[in-house]
Amino acid sequence: MTSKQCHLIKLYFQDIHVMVFLGFGFLATFLVRYAFSSSAFSVLVAAMAVQWATILNGFLWSYPSDWKIQIQLKSLVDAELCAASTLVAMGAVQGKTNPVQLLIFALIEVTGFVVNQWIIKTVFQTGIRTQWLYSIVLINIFGAFFGMMTSRLLFHSEMQTKHEKEKVSRTTGLFAMFGTLFLWMFWPSFNSAQEWKTSVICSTYLSLAVSAVTAMALSALSSSKGKINLVHVQSSMLAGGVAVSAVVTSTHDPWVAMTIGLCATLLSSLGFRYLKDHLLIAFDCHDTVGVLIVHAVPGILGWFAELILRVTKLNYTIAVKFAVYHICIMLVTVCVSLIMGVITGLILKWSFWKPQQYNKYYDDQAYWEFPHLREHK
Amino acid sequence: MTSKQCHLIKLYFQDIHVMVFLGFGFLATFLVRYAFSSSAFSVLVAAMAVQWATILNGFLWSYPSDWKIQIQLKSLVDAELCAASTLVAMGAVQGKTNPVQLLIFALIEVTGFVVNQWIIKTVFQTGIRTQWLYSIVLINIFGAFFGMMTSRLLFHSEMQTKHEKEKVSRTTGLFAMFGTLFLWMFWPSFNSAQEWKTSVICSTYLSLAVSAVTAMALSALSSSKGKINLVHVQSSMLAGGVAVSAVVTSTHDPWVAMTIGLCATLLSSLGFRYLKDHLLIAFDCHDTVGVLIVHAVPGILGWFAELILRVTKLNYTIAVKFAVYHICIMLVTVCVSLIMGVITGLILKWSFWKPQQYNKYYDDQAYWEFPHLREHK
Amino acid sequence: MTSKQCHLIKLYFQDIHVMVFLGFGFLATFLVRYAFSSSAFSVLVAAMAVQWATILNGFLWSYPSDWKIQIQLKSLVDAELCAASTLVAMGAVQGKTNPVQLLIFALIEVTGFVVNQWIIKTVFQTGIRTQWLYSIVLINIFGAFFGMMTSRLLFHSEMQTKHEKEKVSRTTGLFAMFGTLFLWMFWPSFNSAQEWKTSVICSTYLSLAVSAVTAMALSALSSSKGKINLVHVQSSMLAGGVAVSAVVTSTHDPWVAMTIGLCATLLSSLGFRYLKDHLLIAFDCHDTVGVLIVHAVPGILGWFAELILRVTKLNYTIAVKFAVYHICIMLVTVCVSLIMGVITGLILKWSFWKPQQYNKYYDDQAYWEFPHLREHK
C-alpha cells in the first residue's frame, strides 16, 4: 500500500468509525426509557465485534500461508463492516435481551458473517469480484435476517400486544435524529468503503437526498391525520442508502441511483405503516427498530436492480452465468443468516443467561444505576 | 481534476455536508416545543434544495455548450452552498410555516440565489474573481434578506406579542449547542470551500475563537443581572465566521481576522439585546432565530472590511473600479433577494397552503405523531 | 512543509478540533443542572486557551531568532493540545468556579504547561525526542495534577458531603455519552497528532476497544446489584486511550496496546468505585469528573510501561540514561503542575472574583437566563 492510499484510508476509516459507534448506537435511542442501554450496549457490542472480527478475518485471509495476523487500517475497516452487520442484527432484539445475551449474539453473528464470506469465496471462486465479499448489501441482508430469526425464536405470547415503553419521547426522538443523521451523512463513505470513487459518493448522496424527501412526504400522506411519524422517517430515509449500495459500482447515471432510492423508501415507508404490525401478528416476529423493512427489503431490491442493470449489458451466455452466481450468493447469504439466527435464538433462550422478564423490557432501570433523589425539573 | 484534488474535495465535502445537514438543522432546535420540526424540516428543505440547485447550476454553467449536467463532488459542494443559503433564510420563518410552504420557499430561494449568480456573472463579466460567485458572504446576505422579507410579508398583528412557546428549555438549549458547535467547528472548512488554503482555515479559526470569547463576555455584561443568554451566545459566536469569510482571501494577518471577528460579534451581541425586539415593534418583522443580526449585519461588515483592505493596496484608477464593482455586487444581491423575498411572501400567504394558525406556531404537535400515553419522568 | 503534509495536517487538525471543543465540552454535561455551563464554559475556556497558547508557543519557539509569530495549521494543532490540557484540568473544578475564575485558571494552566515544555526542552537538551514535548501523556498528567491541586486549595468543609445536584439524569447522561463517544472515536487521531502513522491509529483503536468492553464489565461486576454506572463507564472507557498514548511509538504489537488498555481501565474502574470517595474524605480533595483516576493514573501507568518496553531493548549504559531522563521528565512535569496548581488555587480563593456559594454549585441558574414561564412537559 502506497503512502497516498494510507491517508485515503484514514479518511474513510474515520467516517465509518463514526457511523458504527455513534450512528448505529444512537439510531435506536428513540425508546423512551432505553436510551442509556441502546447507546452504551451498541458501543459494547461493536467494540467486542470489532475485536472478534479482526481475529477471524485475520485467520481466514492469512490461511494457509501462516498464522500471523497483520493488523492495518484496512483490517480495522473490514472489522468495522462486520460490526455494522452485528449492529443491524441487534436492532431486531433491542430491549429484549440483556448485555450477556447481546455479547453472545455478537460473537455468533460475526462468526456467521465471516463463515458466509468464506463460503462465497470458496464456492464462487471464479467470476466473483472481491468487493462483493464485503458488499454493504450483504452486510445489511445478513444482519437483518439473522436478527429477525433470533427475534422470532425469542418470541413469547406476551409480546403480541405493544409494550407500554415501546414509544418515542421528545428528547429520545431528538437523540435518535442525531444518530440517524450521522448514519445518513456518512453513508456515502460507507458505500465507498471498498472502492474509493467519487462517483460512488455522488450516487449514494443523491439517492439519500431523494430518500429523505420521499420518507417525510410518504409518512405524512399515509397517515390518516396527515401527521409524520418520526421513527418511520428516521428509518426510511436510510433505505435509499442500503438499496443503492448494490448498484453504485455498475452505474454512473444519477437518475438510476435516485429511482432506486425512491423505490426503496416507498417500500420501506409503506412497510412501516402496514407491514410491521402484520409481521408481529401473523408471524409472531417482533422487530424493535424494523430491520427487515429498513435493511433487508431495500437490500434485496438493490440486489435485483443490480442484476437487471448488469445483465442487460452482457451477452447471453455471460449474462446467464452472472445471474445464477448473483442469485446464488444472495440465497446462500440468506440461508446462512437464517440458520445462524436459529442457532443463536436457541442458545439465547437458555435460562442460564437470566433473560429479562417482559415487564422489564425496554427499560434502563434493569441495567443502570440511577441516583436516588427524585429529579425536579 | 487530478486525483489529488479529488481526495482533497472529499475532505471539504464531508465537512460542509455535516454543517449543512446537522449544524443548521440543530441550530434552531432551541425552541422548546419545535425541536422535531426544526431538525427534520431542515433536512427536508436541504435535501430538496440540494437536488434543485444541482439541476439549476448544471444548466446554468453548462449553457450554451450542451444540455447535459455533469455531476461531480464539486457540483454537490456548490449545491450544498446553495442549500446553506436556503437554511439561513429559513431561520427567519421557522415555526411559522408548514412543510409545504417550506418546500416552496426552498425552491424559490435556490432559484433566486442561482439567478443572482447568473446576473453577477453576466453583468460584471470582467474583473470579477469567480470565487465571489459562491462567496460565503453573499450566501449569508442573500439568505438573510430573503428570509427577512418573506417573514415581513407573513407578519400579522398577533405576532406583536411574544409567543408563549418561543423560548428555550434545558434540553433543547443543549441540542442547539450541538448544532452551533458543529457549525462553529466546521466553519473554517466552509470558508475555504472555494479556495483550499490553510491560511483561510487559520484566519477563520482565530476569528471564531475571538467570537466565542466575546459573545459570552458581552452577553453577561449587557444583561442587567450579569446572566448569559444561551441563544444569543450561540448565534453571536458564529458572527465572526460570517464576517471573516469576506476577507480571508485578501489578508493573511491574523490580527485583521481577529479584529473583524471582534467587531462582528460586538454588533451581533448588542443587536440581540437591543435591536431584535425593536425590529419587531418598529418594522413588524419577526425573525425567529435572528438571521438579520447573525448573517446579514456581520456579512455587510465583512464586505466593507474587504473593500477597505483591497482599496488601500491598489492604485487610484483600479481602486475606484474595484470599489464600484464591489459595492454593486452587494447592492444587486440585496435587491434580488428582497424582490424574491416579496414574491415568496405573496405566494406563501395564499390560503391554499393551509398556513398554521397563530396558536399552533412553534409546536411539533401540528406535524408529528406523538404516543398517546402520558410520559412519566 | 510540502503540499501533501498540508492536507494531512488538515485531516488531523479537524479531528482534534472536534475532540477539544465538542468532546471535552460535552463529557462533563452529565451533571443534572449544570449542562449549559459545562458545555459553554468549556468552549469559552478552550477558545481562550488556544489564543493564549498560540502566542506563548509562538514566542517560545521563535526565540531568539525574531519576535514574529508564524501561524500555521501546525501552530493551531499545538495550541489545541495545550487547550486539551486545560480542559482536563478544568474537569477537577467544574461546577465550583465561575467563568472569570475559569478564565484565570485557563491562562495560568496554559502558561504552566508551556513553561514545563520549555524546562524539559532546555534541561534535557540532548537525547530527548521532540514528540515528547507534546506527548499526550504529559498533557493528561500535567492537566490532572494541576486541576487536583487547585481543587484541593478551593476545598472547604461543606464539600465533605455529596452535593444534592452532583448526579446524572436520563438526558444529561446521554449528552455526556455523546461527548464521550466523540473523544473515544477521535482519540486515535489525538494520539497520532505528533506522528502521523497508521500503526499509532491501530494500536490506540484496539486499546480503546478493550477499554470499552472492560469498563462496562467491571462496572457491572463491581456493583453490589450488578448495575452499571454510566458516569464510571464513560470515564473509564477513555483510560485506555490515555495510557496507550505513551507506548504507541515504541511498539507495534497489538497485544501490548490491548494489555495496557486493559490494565488502565482496570485501575480506572476500581478507582471510581473505591478510591474517589476515599480521596475526598482522606485528602479533602474533591474531583468533579475524576481527572486523577481517568487522566493521571492511566498516564503514569503508560509512562512506566513505555519505560519498561524501551529499556529491555537497549544496552545497559543507554538504558540507564534513558530511564533517568524518562523518570525525570515525569517528575519535573508533576512538580511544575503541582506548584502552578497551588499558585492558581491561592489566586482563585481571593474573594475579589466573587466565588459561588456552596448551595449554588453545579447549577446553571447562577449564570444563565432561563425563561420565566414554567415548562409543562
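All of these numbers come straight from a predicted model, not from anything done at the bench.

## Quick notes on the overall build of chain A
Of regular secondary structure, chain A possesses eleven helices and zero strands. Overall, chain A shows an N-to-C arrangement of helices and strands of α-α-α-α-α-α-α-α-α-α-α. Here chain A has a C-alpha radius of gyration of 20 Å; the compact-globule value for 377 residues is 21 Å, and the two agree. Along the longest, intermediate and shortest principal axes, the C-alpha atoms of chain A span 65 × 50 × 40 Å. Across the 377 residues of chain A, 66% fall into the buried class. If you take every contact in chain A between residues at least 6 apart in sequence, the share linking residues at least 24 apart comes to 83%. A total of about 13400 Å² of accessible surface is found on chain A, and carbon and sulfur atoms cover 67% of it.

## A look at the relation of the copies chain C and chain B
Once turned by 120° and shifted 0.0 Å along the axis, chain C lies on chain B with an RMSD of 0.0 Å. Put plainly, the chains are arranged around a three-fold axis. An asymmetric contact is evident, with only 15% of the interface residues of chain C recurring at the interface of chain B.

## Quick notes on the interface of chain C and chain B
Taken together, the contact pairs 47 residues of chain C with 44 residues of chain B. The interface formed by chain C and chain B contains three salt bridges. Between Arg170(B) and Asp364(C) there is a salt bridge, and its shortest N-O distance comes to 3.5 Å. One can count eleven residue pairs in polar contact (both at pLDDT 80 or more) joining chain C with chain B. Within the residue set of the side of chain C that touches chain B, elements represented by two or more residues are helix 1 (3-27), helix 2 (35-62), helix 3 (73-93) and helix 6 (170-191) of chain C. It is helix 1 of chain C that provides the largest number of residues to the side of chain C that touches chain B, a total of twelve residues.

## Notes on the side chain of Asp363(A)
Relative to the helices and strands, Asp363(A) resides in the segment after helix 11 (316-349). A distance of 3.0 Å separates the side chain of Asp363(A) from the backbone nitrogen of Gln365(A), its partner in a polar contact. Dropping the residues within four chain positions of it, Asp363(A) is found in contact with Arg33(A), Tyr34(A), Lys165(A) and Arg170(C).

## Points about the packing of helix 5 (residues 136-153) of chain B against helix 11 (residues 316-349) of chain B
Residues and elements named next belong to chain B. Running from amino to carboxyl end, helix 5 crosses helix 11 at an angle of 35°, the nearest separation of the two axes being 7 Å. Of the two elements, helix 5 crosses helix 11, and the hand of that crossing is right-handed. Here the contact of helix 5 with helix 11 is built from residues that sort into 16 nonpolar, six polar and one charged.

## Quick notes on the interface of chain A and chain B
Listed by partner, the interface residues are 44 residues for chain A and 47 residues for chain B. Overall, the association of chain A and chain B removes approximately 4400 Å² of surface from exposure, summing both partners, and the carbon and sulfur fraction of that is 73%. The shortest N-O distance in the salt bridge between Glu369(B) and Arg273(A) comes to 2.9 Å. On inspection of chain A and its partner chain B, the count reaches eleven residue pairs in polar contact (both at pLDDT 80 or more). Counting only elements with at least two residues in the side of chain A that touches chain B, the list comes to helix 1 (3-27), helix 6 (170-191), helix 7 (198-221), helix 8 (230-244) and helix 9 (254-283) of chain A. The dominant element in the side of chain A that touches chain B, judged by the number of residues it contributes, is helix 6 of chain A, at 13 residues. Taken together, the residues that form the side of chain A that touches chain B break down as 28 nonpolar, seven polar and nine charged.

## Details of the environment of Ile347(A)
All names here are of chain A. Mapped onto the elements, isoleucine 347 comes out in helix 11. On a C-alpha basis, the gap between isoleucine 347 and methionine 149 in space is 13 Å, while along the polypeptide they are 198 residues apart. Not counting the four nearest positions on each side in its chain, isoleucine 347 is found in contact with Ile104, Ile108 and Trp353.

## Describing the nonpolar core
Counting 406 residues, the largest nonpolar core has Phe182(A), Phe182(B) and Phe182(C) as its most contacted members. For Phe182(A), the residues in contact, after removing those within four places along its chain, are Val18(A), Met19(A), Leu22(A), Gly23(A), Leu22(B), Phe182(B), Phe178(C) and Phe182(C).

## Points about the relation of the copies chain A and chain B
Overlaying chain A with chain B gives an RMSD of 0.0 Å, the required rotation being 120° about an axis along which the chain moves by 0.0 Å. Counting the interface residues of chain A, we find that no more than 16% of their copies in chain B are interface residues as well, pointing to two distinct contact surfaces.

## Here's the deal with the packing of aromatic side chains
Taken as a whole and judged by the stated rule, the model has 69 aromatic pairs over all chains. Consider the rings of Phe41(B) and Tyr367(B), whose centres lie 5.4 Å apart with planes at 70°: the pair is edge-to-face. You can see Phe41(B) sitting in helix 2 (residues 35-62) and its partner Tyr367(B) sitting in the segment after helix 11, a full 326 residues away along the chain. A residue is classified by how much of its surface remains accessible, and Phe41(B), at 1% relative accessible area, is buried. Lying across the ring of Tyr12(C), Lys10(A) places its NZ or CZ 5.2 Å from the centre.

## Quick word on empty space enclosed by the protein
By the definition in use, this model includes 13 cavities of 30 Å³ or more. Put simply, the largest cavity is a space of about 270 Å³. In terms of lining residues, the largest cavity is bounded by 21 residues, among which Asp15(A), Phe186(A), Asp15(B), Phe186(B) and Asp15(C) are the most central. Of all elements in the fold, only helix 1 and helix 6 of chain A, helix 1 (3-27) and helix 6 (170-191) of chain B together with helix 1 and helix 6 of chain C reach the threshold of two or more residues within the lining of the largest cavity.

## Focus on a nonpolar patch on the surface
Residue and element names in this part refer to chain A. A cluster of nonpolar residues, Trp52, Ile55, Phe59, Trp67 and Leu107, forms a patch on the protein surface that exposes about 460 Å² of accessible area. Broken down by element, the residue count for the nonpolar patch peaks at three residues, all from helix 2 (residues 35-62). Turning to its location among the elements, isoleucine 55 is positioned in helix 2.

About the cut-offs
Residues numbered from 1 in each chain as written. Chains lettered and ligands numbered in written order. Predicted model: local features only at pLDDT ≥ 70, side-chain atom pairs only at ≥ 80, totals over all residues. Heavy atoms only, no water. Helix = DSSP H or I, 4+ residues; strand = E, 2+ residues; numbered from the N terminus. Rg over C-alpha atoms; globule rule 2.2 N^0.38 Å. Buried < 20%, exposed > 50% of the residue type's maximum accessible area, 1.4 Å probe, protein only. Contact = heavy atoms within 4.5 Å. Areas by Shrake-Rupley, 256 points an atom, 1.4 Å probe, with all protein chains shown as cover. Least-squares fit on C-alpha atoms with pLDDT ≥ 70 in both. Salt bridge = Lys/Arg side-chain N within 4 Å of Asp/Glu carboxyl O. Polar contact = N/O pair within 3.5 Å; in protein donor to acceptor, adjacent residues only side chain to side chain. Axes fitted to C-alpha atoms, helices over the stretch in contact; angles between N-to-C directions. Left-handed = near helix turned anticlockwise from the far one by under 90°. Nonpolar A, V, L, I, M, F, W, Y, C, P; charged D, E, K, R; others polar. Buried area = accessible area lost by both parts, 1.4 Å probe. Core = buried A, V, L, I, M, F, W, Y, C linked by side-chain atoms within 4.5 Å. Phe/Tyr/Trp six-rings, centres within 6.5 Å; stacked < 30°, edge-to-face > 60°. Lys NZ or Arg CZ within 6 Å of the ring centre and 35° of its normal. 1 Å grid on protein atoms, 1.4 Å probe; cavity = no way out; pocket = protein on both sides within 12 Å on 5 of 7 lines; lining within 4 Å. Points joined across faces, edges and corners; volume = space filled by probe spheres on them. Patch = residues over 30% accessible without salt bridge, like charges linked within 9 Å, V, L, I, M, F, W, Y side chains within 5 Å.

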